[in-house]
Amino acid sequence: EPEVTQTPSHQVTQMGQEVILRCVPISNHLYFYWYRQILGQKVEFLVSFYNNEISEKSEIFDDQFSVERPDGSNFTLKIRSTKLEDSAMYFCASSILLAGVGDTQYFGPGTRLTVL
Amino acid sequence: DQQVKQNSPSLSVQEGRISILNCDYTNSMFDYFLWYKKYPAEGPTFLISISSIKDKNEDGRFTVFLNKSAKHLSLHIVPSQPGDSAVYFCAASVRDGTASKLTFGTGTRLQVTL
């Protein structure tokens, strides 16, 4: 069964450093997302991406964040200058929007980002 | 932002019995609802969904009920199995023909005991 994959599974970085989190969405999916979950809190939407541009972003997704689809398979989330409060699980998701059915998003296993 | 609420942080059910997980929402624009199951250190796994034009959807042991007037949905698992022990998240979205963000509840931890 096709699945979303993410690398690395765990990333430790120093405050102020740049990190890039990588995702390979399901191959025939067209819509891509990043979510995060701070320990003990709910899963929060960060950004959605379609046709090589951002569709929607949340308040969390400020100028320190960017997304890119550098090739036909990868989808990346970059945090330019990490802060302590960026420590969280980051989940990538993808979907294929079926008219009249809905937008079921399939999630990857997550990357645990720890900012020291 | 409490647009999707799961008021029970935990639930314990005996194996073989029915598990009922509840979810309430406040945004009347939501028209697509999903349940995800999550194990520790893993991503959410899609279980079942329902659109606002239906009031019930079944898939094997899982049934989701939607009460639009009460802005309430529930997930029934019957019979419950030990492998069902996980955190269950309710999520909702507004379908507008584009990529729609999911708004998640805080989750309910289900423990199925022997």
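Here goes a summary of the coordinates provided.

Definitions and limits used
- Residues numbered from 1 in each chain as written.
- Chains lettered and ligands numbered in written order.
- Predicted model: local features only at pLDDT ≥ 70, side-chain atom pairs only at ≥ 80, totals over all residues.
- Heavy atoms only, no water.
- Core = buried A, V, L, I, M, F, W, Y, C linked by side-chain atoms within 4.5 Å.
- Buried < 20%, exposed > 50% of the residue type's maximum accessible area, 1.4 Å probe, protein only.
- Helix = DSSP H or I, 4+ residues; strand = E, 2+ residues; numbered from the N terminus.
- Pairing = 2+ DSSP bridges.
- Phe/Tyr/Trp six-rings, centres within 6.5 Å; stacked < 30°, edge-to-face > 60°.
- Contact = heavy atoms within 4.5 Å.
- Buried area = accessible area lost by both parts, 1.4 Å probe.
- Salt bridge = Lys/Arg side-chain N within 4 Å of Asp/Glu carboxyl O.
- Polar contact = N/O pair within 3.5 Å; in protein donor to acceptor, adjacent residues only side chain to side chain.

Counting residues in each nonpolar core, the largest one holds 23 residues, and the members touching the most others are F33, W35, L73, L75 and Y88 of chain B. Those elements giving two or more residues to this core turn out to be β3 (19-25), β4 (32-38), β5 (45-51), β7 (62-67), β8 (72-77), β9 (86-93) and β11 (108-113) of chain B. Looking at which element gives the most residues to this core, the answer is β9 of chain B, with 4 residues. In terms of nonpolar packing, the next biggest core, distinct from the first, is built from 22 residues, V4, C23, L46 and V67 of chain A among them.

Another point: the sheet that holds strand β1 (residues 4-5) of chain B. Residues and elements named next belong to chain B. Taken in spatial order, the 5 strands line up as β1-β3-β8-β7-β6 in an open sheet, and their pairing is antiparallel. The open sheet has two edge strands, β1 and β6 (56-59), and neither has a second partner. Summarising the sheet, β3 and β8 pair through 6 bridges and their orientation is antiparallel. Bridge pairing in β8 links L21 to L75.

Taken as a whole, this structure holds 18 aromatic pairs over all chains when the rule is applied. Through pairs of rings, three or more aromatic residues link up here, namely Y33, Y35, F45, F91, Y106 and F107 of chain A together with Y36, F46, F89 and F104 of chain B.

Turning our eyes to something else, we now look at the interface of chain B and chain A. Each partner contributes residues to the interface: chain B has 24 residues there, and chain A has 22 residues. Taking both partners together, chain B and chain A bury about 1800 Å²; carbon and sulfur atoms supply 59% of that area. At the junction of chain B and chain A, the tally comes to 1 salt bridge. For E56 of chain A, the salt bridge is made with K101 of chain B, and the minimal N-O distance between the two is 3.9 Å. Joining chain B to chain A, the criterion identifies 6 residue pairs in polar contact (both at pLDDT 80 or more). For the side of chain B that touches chain A, the secondary structure elements donating two or more residues are β4 and β5 of chain B. Ranked by residue count, the leading element in the side of chain B that touches chain A is β4 of chain B, at 4 residues.

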